[in-house]
Amino acid sequence: SAVISQKPSRDICQRGTSLTIQCQVDSQVTMMFWYRQQPGQSLTLIATANQGSEATYESGFVIDKFPISRPNLTFSTLTVSNMSPEDSSIYLCSESVGTEAFFGQGTRLTVV
Amino acid sequence: AQSVTQLDSHVSVSEGTPVLLRCNYSSSYSPSLFWYVQHPNKGLQLLLKYTSAATLVKGINGFEAEFKKSETSFHLTKPSAHMSDAAEYFCVVSDGVYNFNKFYFGSGTKLNVKP
């Protein structure tokens with residue numbers, strides 16, 4: 001299995017500000033993934049983060065709103081920029097090992 | 001494109017009775033399929049996975065699922081529900097077996113277990 005640590009675990013932020021979420025994995029992986037889980041809804045993939053290249057965003061998500069960094073094979077950050085209450089969600093990072101994906105505990109973000 | 005449809009948003013069963021959570025998938029490739037469980041305020045836990053081997057897959061906690069290509073289904077079952085099974089269950093498809101890339105989640109099914 002894999003161990004994925006996310007920081008912060010939760011935060012309450014003012015609208016218009018930005019929050020950077022950190023994700024640390026316990027082994028080197030090529031791909032890391034960022035998901036959003038809006039209240040009462042399922043998980044939606046935001047983007048795939050490969051080390052050494054720009055992240056690949058899913059439809060409906062853009063780099064200006066969700067910039068991602070992937071400086072090495074065990075770490076990634078997701079920034080939620082210029083936040084609004086609609087960004088209140090749980091954000092999860094994930095890595096895949098073989099044919100299985102592992103998820104962090106998530107960052108619960110509330111925008112007020 | 002890959003997608004999954006979970007046919008029931010809520011399922012309620014009595015303790016000791018069978019559980020059936022339904023999932024249909026759409027995939028352009030040979031899919032890998034998974035069931036994850038999320039207990040309240042907990043992280044996601046893998047229950048079981050199908051990756052083109054045996055079509056009947058056994059997972060943890062007595063759960064199993066059968067891959068039926070002709071029906072594009074991957075329903076989750078358990079013979080006898082336990083109170084601790086109350087959680088939300090997600091059916092998930094990925095876009096390949098050996099080129100595993102990213103997951104697409106169903107909308108989730110909340111399982112309620114009555115005493």
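These numbers come from a predicted model, not from an experiment. (Residues numbered from 1 in each chain as written. Chains lettered and ligands numbered in written order. Predicted model: local features only at pLDDT ≥ 70, side-chain atom pairs only at ≥ 80, totals over all residues. Heavy atoms only, no water.)

A. Here's a closer look at the pairing of strand β9 (residues 73–78) of chain B. Residues and elements named next belong to chain B. Here 3 bridges tie strand β3 (residues 19–21) to β9, and the two strands are oriented antiparallel to one another. Among the inter-strand pairings, L20 is bridged to a residue of β9, identified as T77. Relative to β9, strand β8 (residues 64–68) runs antiparallel, the two sharing 5 bridges. Paired with A65 across the bridge in β9 is L76. In sequence, β8 turns back onto β9 through a hairpin of 4 residues, with T72 there showing a positive phi of about 45 degrees. (Pairing = 2+ DSSP bridges. Helix = DSSP H or I, 4+ residues; strand = E, 2+ residues; numbered from the N terminus.)

B. Here's a closer look at the interface of chain A and chain B. Opposite the 18 residues of chain A that make contact, chain B presents 20 residues. For the pair chain A and chain B, the two sides together bury roughly 1,600 Å², of which 53% comes from carbon and sulfur. Counting every contact that joins chain A to chain B gives 0 salt bridges. If you list the elements that add at least two residues to the side of chain A that touches chain B, you get β4 (31–37), β5 (43–50), β9 (89–97) and β10 (100–103) of chain A. A per-element tally of the side of chain A that touches chain B places β4(A) first, with 4 residues. Split by residue class, the side of chain A that touches chain B holds 8 nonpolar, 7 polar and 3 charged. (Contact = heavy atoms within 4.5 Å. Buried area = accessible area lost by both parts, 1.4 Å probe. Salt bridge = Lys/Arg side-chain N within 4 Å of Asp/Glu carboxyl O. Nonpolar A, V, L, I, M, F, W, Y, C, P; charged D, E, K, R; others polar.)

C. Geometry of the state of the cysteines. Residue and element names in this part refer to chain A. As enumerated under the stated definition, the model contains 2 disulfides over all chains in all. In this model C23 forms its disulfide with C93; the gap between the sulfur atoms is 1.8 Å. Residues C23 and C93 are joined through a disulfide that is right-handed, its torsion about the S-S bond being 65 degrees. With C23 in strand β3 (residues 19–25) and C93 in strand β9, the pair connects residues that are 70 residues apart, well separated along the chain. For C23, a relative accessible area of 0% corresponds to the buried category. Take C93: its relative accessible area is 0%, and that puts it in the buried class. (Disulfide = S-S within 2.5 Å. Buried < 20%, exposed > 50% of the residue type's maximum accessible area, 1.4 Å probe, protein only.)

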